[in-house]
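So you can see what is in the structure, the chains are spelled out below.
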Amino acid sequence: MRQELNREDIERIIESLPLTIPHTPIEARKLAERFSTEVWEDYGNTSSKALINLWTKLFESFNEVWLRNQSREIFDKKNLVVPAPTGSGKTLCMRFYAAALADTQDKGMVIITKLISEAQEAAKQINEWSESEDTVAVAYYLDSTFTHSEGALKDYPVLIITHENFIRNHHSSSSNHSKYKQLMQFKDGTRTCVVVDESIELIQHISINKDLIDNISKDIQMPYQNKPIKGLEDEYKLLSFLSGNYETLFFSQLPDSNITHIDDAKKILIAKLEQGLGVSEEEIVELLKFKKTIKSIRDKNSTIGDIKYLLADGLYLYKSGSKIEYRTSTLEVPSQSMVVLDATANVNKAYSYYKDTEVINLPRFKSYENVTIKTHSTKSGLGQDTLVGEILSEDKTNTQATNIFFMSTENCAVFTFKDLKSDILEVLPDLELDHFGNLTGVNNYKDKERIIIYGMHYKPNSVYFDEQYQALGLEAFSIINKEKTKEIKYYGIAADIIQMINRGSCRGIIDGNKAPPMTVDLPLPDNEPLRKIILSQITIEMPEVNIIEATEPLKVKYDDIKTKKAVGLSLIHISEPTRLLSISYAVFCLK
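What you are looking at is a predicted structure, and each value in this text was computed from that prediction instead of being measured.

Here we look at the overall build of the protein
Each helix and strand counted, the protein has 17 helices and 24 strands in total. Here the contacts in the protein between residues at least 6 apart in sequence split such that 75% fall between residues at least 24 apart. For the protein, the exposed area adds up to about 28500 Å²; of that, 46% sits on carbon and sulfur atoms.

Laid out in structure tokens, this is it:
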């Protein structure tokens, strides 16, 4: 029987293992010291004892996962999440370790990174750092050298693939799972060190809404009428029934709750379909696979296969405003232990709900005493629906609340919503601006001394609930655990903000253990629990940071190169007292 062990137990066992049992492959402390002189300082950075301790912990995590996978008959599976902060050299560390592991010649590693360009860069760097004259690391992606020749990859100690490739193919039901199994092979065995660079979304969020059903019906209408396909008529009738009875498939009257678990969803729906369509349970299960529909419209609609989840145990009704949909989620985690490098893992509460997952405690290595965060209070929401679409609206007269100004200089960047980006740039074309969804991977803002975060990157509540459901199962639907969904959401927002702040110059290190000077302007919503969590987590994750509440508007001069005219972009909240309920707007106007 395998043992459930903590890290201290493992270290004691390693010391007592006989020579017939594999020991950890790399001396972590020595490798950290080598990394300090051969890479970190060579790149012009300043090293420290605290940093070497952090890198040692990182290398020990890689060793532990290798050992767990190598000796699965002894050790339980465990995923280790390493919250190495942005700017601590974690990605370079991972590549340096890969080169050292490759030099042992008999150990395989797979690195899962976000972008193809990062995979290519990693392979190049690992090969440069390896002492071998042969190629030890290769990047694999669509249209790479090894596409359609995956069997040849087993000869290379280090393989780098993308998040997308991993998410799509690692699970057993994937059509390309056999190809994924080839990627994980090394020589006559498997790759035993698995590292994910940046957090990865393995949960499949499934939504079955009326628009989906109606669009599929529309897509198959023409082939159904022009050239009848045997069996397609029954699937078309099923779609029509689901669409016509959408809101009453499981309930005679929709419940008030935003999230309602559908008990016995399979039993209820099959009984209704048996009565409405006159078909058996076996036929219904087969029809919900929509094999004929998929064949008739091919790749037109990739979500057809989601409809079968109407029979899932975890199906729930989700209401958001006037939107009604049936939702569930799936999660198939890899069978091997992994290391996940996630800079904000200490903030993201979702990890605490997963069994077989441990967030590693790392030593602090720098102070943020040179960093100032100016918070700006607002009396309205900062979500996308509030802010997007109101750029340069017609002039209003009843104005109130805070003015917020942006600027464009060499040392400033603004992060906001994607739909807001183009509108702002129409007014301020020289502004260096990026959207929330583009702030991972290659960092183009590490020299920016000022960051403005405009908006709160809210994800749908269903995303956070699905995380909880995958961790707790049906217990997630209890009233107590539904409340925890809000907590997961708020901590997730705080994690995103901290990650954005660390895109700027404060990611670096000066004077041995200090972040370089930087200023952050952070408008906060009129939501006291969320504000408290954001500010408390910033304080914990950024020791000695200065947080002040701005008394003046966020106001900086924007210099137009052609006219030398100062231009301001102002956020003004307008209320219409003529309505029964005052409605707030956010409009930008030129000053």
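Further notes follow.
Description of the layout of surface pockets
Roughly 1400 Å³ of internal volume is contained in the largest pocket. Listing elements by their share of the lining of the largest pocket, those giving two or more residues are β1 (79–82), α6 (163–169), α15 (461–472) and α16 (479–501). For the lining of the largest pocket, the element with the highest residue contribution is α16, accounting for 7 residues. Per-class residue counts for the lining of the largest pocket are 21 nonpolar, 14 polar and 11 charged.

Notes on helix α9 (residues 232–244)
Relative to the 18 Å expected for 13 residues at 1.5 Å per residue, α9 spans 18 Å between its end C-alpha atoms, a close match to the ideal helical length. Residues L232, E235, Y236, L238, L239, F241, L242 and S243 constitute the buried set of α9.

Considerations on the side chain of Q125
Position of Q125 among the secondary structure elements: in helix α5 (residues 116–129). For Q125, a relative accessible area of 8% puts it in the buried group. Once residues lying within four places of it in the same chain are set aside, the contact partners of Q125 are Y43, L92 and R95.

With respect to the nonpolar core
Nonpolar side chains in soluble globular proteins tend to be buried together. If you look at the biggest cluster of nonpolar residues, it comprises 52 residues, and the most contacted ones within it are W55, F59 and F62. Setting aside anything within four residues of it in sequence, one finds F62 in contact with C93, M94, Y97, C193, V195, V339 and L341. If you look at the next biggest cluster of nonpolar residues, it comprises 47 residues, including I373, L420, M500 and I538.

Remarks on the sheet that holds strand β20 (residues 546–549)
The sheet built from 6 strands is open, its strands ordered β17-β16-β18-β19-β14-β20 with parallel pairing. Looking at the sheet topology across the chains shown, the edges are occupied by β17 (433–435) and β20. Looking at each pair of strands side by side, their axes are set apart by 20° on average, direction ignored. Sheet topology note: the strand β16 (residues 412–416)/β17 ladder contains 3 bridges and is parallel. Residue pairing in the sheet places T416 in a bridge with H435 of β17. Against the sheet, helix α17 (residues 528–541) touches β14 (371–377), β19 (518–524) and β20, its axis set at about 165° to β19.

Digging into the packing of helix α3 (residues 49–70) against helix α4 (residues 90–102)
Put simply, α3 and α4 touch, their axes get as near as 10 Å, and they point 50° apart. When the axes of α3 and α4 are compared, the pair comes out oblique. The handedness of the crossing between α3 and α4 is right-handed. Side by side, α3 and α4 meet where W55, L58, F59, F62 and N63 of the first sit next to K90, C93, M94 and Y97 of the second. Of the residues belonging to the contact of α3 with α4, the class tally is 7 nonpolar, 1 polar and 1 charged.

Quick notes on the packing of aromatic side chains
Under the defined criterion, the tally for this structure stands at 18 aromatic pairs. Look at F166 and Y180: their rings are 5.8 Å apart centre to centre, the planes differ by 65°, and that puts the pair in the edge-to-face class. Of this pair, F166 sits in helix α6 while Y180 sits in helix α7 (residues 177–183), placing them 14 residues apart in sequence. Taken as a pair, F166 and Y180 share a single burial class, namely buried. Among the aromatic residues, those joined into a ring-pair cluster are F35, W40, W55, F96 and W129. One cation-aromatic arrangement involves K349 over Y491; the distance from NZ or CZ to the ring centre is 4.8 Å.

Notes on α3
The end-to-end C-alpha distance of α3, which contains 22 residues, comes to 31 Å, matching closely the 32 Å that a straight helix rising 1.5 Å per residue would cover. Of all 22 residues in α3, 16 are buried; the element is thus mostly enclosed.

Considering unusual backbone geometry
Residue K187 is not a glycine yet carries a positive backbone phi of 55°. Looking at the secondary structure, you find K187 in the loop between β5 (185–186) and β6 (189–190). Of note, the phi angle at E544 is positive, near 70°, even though the residue is not glycine.

Here's the deal with the sheet that holds strand β9 (residues 259–261)
With antiparallel pairing, the 4 strands of this open sheet are ordered in space as β8-β11-β10-β9. The strands lining the two open edges of the sheet, one partner per strand, are β8 (204–208) and β9. The mean inter-strand angle of the sheet, taken between neighbouring strand axes irrespective of direction, is 30°. When β9 meets strand β10 (residues 316–320), the two strands line up antiparallel, connected through 3 bridges. In the sheet register, H261 faces β10, and the bridge partner there is Y316.

Regarding the confidence of the model for the protein
Reading fine detail from the predicted coordinates is not recommended where pLDDT is low. Averaged over all residues, the pLDDT of the protein is 81; the fraction at 70 or higher stands at 82%. Low pLDDT (under 50) marks residues 389–405, which in the prediction has 50 contacts with non-local residues, meaning those over four places away or in another chain. Note that residues 554–591 has pLDDT below 50 and, in this model, 101 contacts with residues that lie over four places away or in other chains.

A closer look at the pairing of β1
Here β1 shows no split at all, with N79 and V81 on one side and L80 and V82 on the other all buried. Bridging between β1 and strand β13 (residues 357–359) involves 3 bridges; their strand directions are parallel. In the sheet register, L80 faces β13, and the bridge partner there is E358. Where β1 lies against strand β12 (residues 339–341), 3 bridges are found, and the strand directions are parallel. Residue pairing across strands places V82 opposite L341, the latter belonging to β12.

Criteria and cut-off values
Residues numbered from 1 in each chain as written. Predicted model: local features only at pLDDT ≥ 70, side-chain atom pairs only at ≥ 80, totals over all residues. Heavy atoms only, no water. Helix = DSSP H or I, 4+ residues; strand = E, 2+ residues; numbered from the N terminus. Contact = heavy atoms within 4.5 Å. Areas by Shrake-Rupley, 256 points an atom, 1.4 Å probe, with all protein chains shown as cover. 1 Å grid on protein atoms, 1.4 Å probe; cavity = no way out; pocket = protein on both sides within 12 Å on 5 of 7 lines; lining within 4 Å. Points joined across faces, edges and corners; volume = space filled by probe spheres on them. Nonpolar A, V, L, I, M, F, W, Y, C, P; charged D, E, K, R; others polar. Expected span 1.5 Å × (residues − 1). Buried < 20%, exposed > 50% of the residue type's maximum accessible area, 1.4 Å probe, protein only. Core = buried A, V, L, I, M, F, W, Y, C linked by side-chain atoms within 4.5 Å. Pairing = 2+ DSSP bridges. Axes fitted to C-alpha atoms, helices over the stretch in contact; angles between N-to-C directions. Parallel < 35°, antiparallel > 145°, perpendicular 65-115°, else oblique. Left-handed = near helix turned anticlockwise from the far one by under 90°. Phe/Tyr/Trp six-rings, centres within 6.5 Å; stacked < 30°, edge-to-face > 60°. Lys NZ or Arg CZ within 6 Å of the ring centre and 35° of its normal. pLDDT = per-residue confidence, 0-100.

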